[in-house]
Amino acid sequence: MKLPSFPGVAEVRASIPGRLRLYMPDVITNDEAAQRMKECMESTGAVREVRLNRRTGSALFLYDERQVEAAVVEGAAIRLMGLDNAIRKPPVSRMEKGLNVLWDSVNHGVLEATNGLMDGRMLAGSALTVAALRGMIVSGAALPGAMTLLWWASNIFRGRSHE
């Protein structure tokens, strides 16, 4: 049975009967929860040992496969670490995270350059509006390009990038 893996929260790194290794970054950042999870899991009798590696953020579970399934061990670890809500969030790709960081940097730069007058969204919306108005003056309102630019500008001003 293939176990579910939750990137950045509880990733299955290895699983064979009686042995499960999860990468759980919260093992590094939340020592108290990790220790509580370890003690609780070991007190069940079905899990013989939990080895936490705070340097790598991994947890190794040695369990009796006749008493409990790997999926139950994984689920219990997630629950005991308080990661239920984190795995319910929709995953975000590394590319989207990178673009968000880039956008935040641009936004900060615009705010700083305009002394707080505009942010990146306001600048982009204003630029699209000016381009649309210029297109309407040069080519008339019937030009689809100008109307498309106005549509994008209005969405940016309302805080939506797409619908």
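It should be emphasised that the depicted structure is a prediction, and the values quoted were computed from it without experimental measurement.

Colleague: Talk me through the overall build of the protein chain; I want residue IDs and the actual numbers.
Modeller: Helices and strands together make up the secondary structure of the protein chain, namely 7 helices and 4 strands. Secondary structure elements of the protein chain, listed N to C terminal, follow the sequence β-β-α-α-β-β-α-α-α-α-α. Its C-alpha atoms give the protein chain a radius of gyration of 25 Å, clearly above 15 Å, the size a compact globule of 163 residues would have. Out of the 163 residues belonging to the protein chain, those deemed buried represent 28%. Taking as baseline every contact in the protein chain between residues at least 6 positions apart, the subset at least 24 positions apart corresponds to 51%. Of the roughly 10,800 Å² of accessible surface on the protein chain, 58% is carried by carbon and sulfur atoms. Here the protein chain carries 20 positive and 17 negative side-chain charges, and the mean point of each set is 4 Å from the other.

Colleague: Would you mind going over the sheet that holds strand E2 (residues 19-23) in detail, with residue names and values included?
Modeller: Strands sit in the order E1-E2-E4-E3 across an open sheet of 4 strands; the sheet is antiparallel. Bordering the open sheet on either side are strand E1 (11-16) and strand E3 (47-53), each of which pairs with just one other strand. Along the sheet, successive strands turn relative to each other by an average axial angle of 15°, direction set aside. One ladder, built from 5 bridges, connects E2 with strand E4 (residues 58-63); its direction is antiparallel.

Colleague: Tell me about the nonpolar core, residues and numbers included.
Modeller: Met24, Met41, Phe61, Val73 and Met81 are the most contacted members of the largest nonpolar core, which has 25 residues in total. Those elements that provide at least two residues to this core are E2, helix H2 (31-42), E3, E4 and helix H3 (70-80).

Colleague: Tell me what's going on with the layout of surface pockets, and back it up with residues and numbers.
Modeller: In this model, the largest pocket occupies a volume close to 360 Å³. Every residue along the wall of the largest pocket is listed here: Phe6, Pro7, Gly8, Val9, Ala86, Ile87, Lys89, Pro90, Pro91, Val92, Arg94 and Lys97. Taken together, the elements giving at least two residues each to the lining of the largest pocket come down to helix H4 (84-88) and helix H5 (94-113). The residue inventory of the lining of the largest pocket, partitioned by class, reads 8 nonpolar, 1 polar and 3 charged.

Colleague: How would you explain the side chain of Ser58 if you had to name every residue and give the values?
Modeller: Assignment of secondary structure puts Ser58 in strand E4. For Ser58, the side chain forms a polar contact with the side chain of Arg21, separated by 3.4 Å. For Ser58, the side chain forms a polar contact with the side chain of Thr56, separated by 3.2 Å. Excluding anything up to four places from it in sequence, Ser58 contacts Arg21, Leu22, Tyr23, Met24, Val27, Arg51, Leu52 and Asn53.

Colleague: Any details on the pattern of salt bridges? Residues and values, ideally.
Modeller: Taken as a whole and assessed by the stated rule, the structure comprises 7 salt bridges. When the shortest N-O distance is used, the salt bridge between Arg36 and Glu32 registers 3.2 Å. Of the two residues, Arg36 and Glu32 are both situated in helix H2; the distance of 4 residues between them amounts to about one turn of the helix. A salt bridge links Arg66 to Asp64; its shortest N-O distance comes to 3.1 Å. The class for Arg66 is exposed, based on a relative accessible area of 74%.

Colleague: Explain the environment of Leu102 to me, using residue names and the numbers behind them.
Modeller: Within the secondary structure layout, Leu102 lies in helix H5. Take Leu102: its relative accessible area is 51%, and that puts it in the exposed class. Separated by 73 residues in sequence, Leu102 and Thr29 have C-alpha atoms that sit 26 Å apart.

Definitions and limits used
Residues numbered from 1 in each chain as written. Predicted model: local features only at pLDDT ≥ 70, side-chain atom pairs only at ≥ 80, totals over all residues. Heavy atoms only, no water. Helix = DSSP H or I, 4+ residues; strand = E, 2+ residues; numbered from the N terminus. Rg over C-alpha atoms; globule rule 2.2 N^0.38 Å. Buried < 20%, exposed > 50% of the residue type's maximum accessible area, 1.4 Å probe, protein only. Contact = heavy atoms within 4.5 Å. Areas by Shrake-Rupley, 256 points an atom, 1.4 Å probe, with all protein chains shown as cover. Lys, Arg positive; Asp, Glu negative; His and termini not counted. Charge placed at Lys NZ, Arg CZ, Asp CG, Glu CD. Pairing = 2+ DSSP bridges. Axes fitted to C-alpha atoms, helices over the stretch in contact; angles between N-to-C directions. Core = buried A, V, L, I, M, F, W, Y, C linked by side-chain atoms within 4.5 Å. 1 Å grid on protein atoms, 1.4 Å probe; cavity = no way out; pocket = protein on both sides within 12 Å on 5 of 7 lines; lining within 4 Å. Points joined across faces, edges and corners; volume = space filled by probe spheres on them. Nonpolar A, V, L, I, M, F, W, Y, C, P; charged D, E, K, R; others polar. Polar contact = N/O pair within 3.5 Å; in protein donor to acceptor, adjacent residues only side chain to side chain. Salt bridge = Lys/Arg side-chain N within 4 Å of Asp/Glu carboxyl O.

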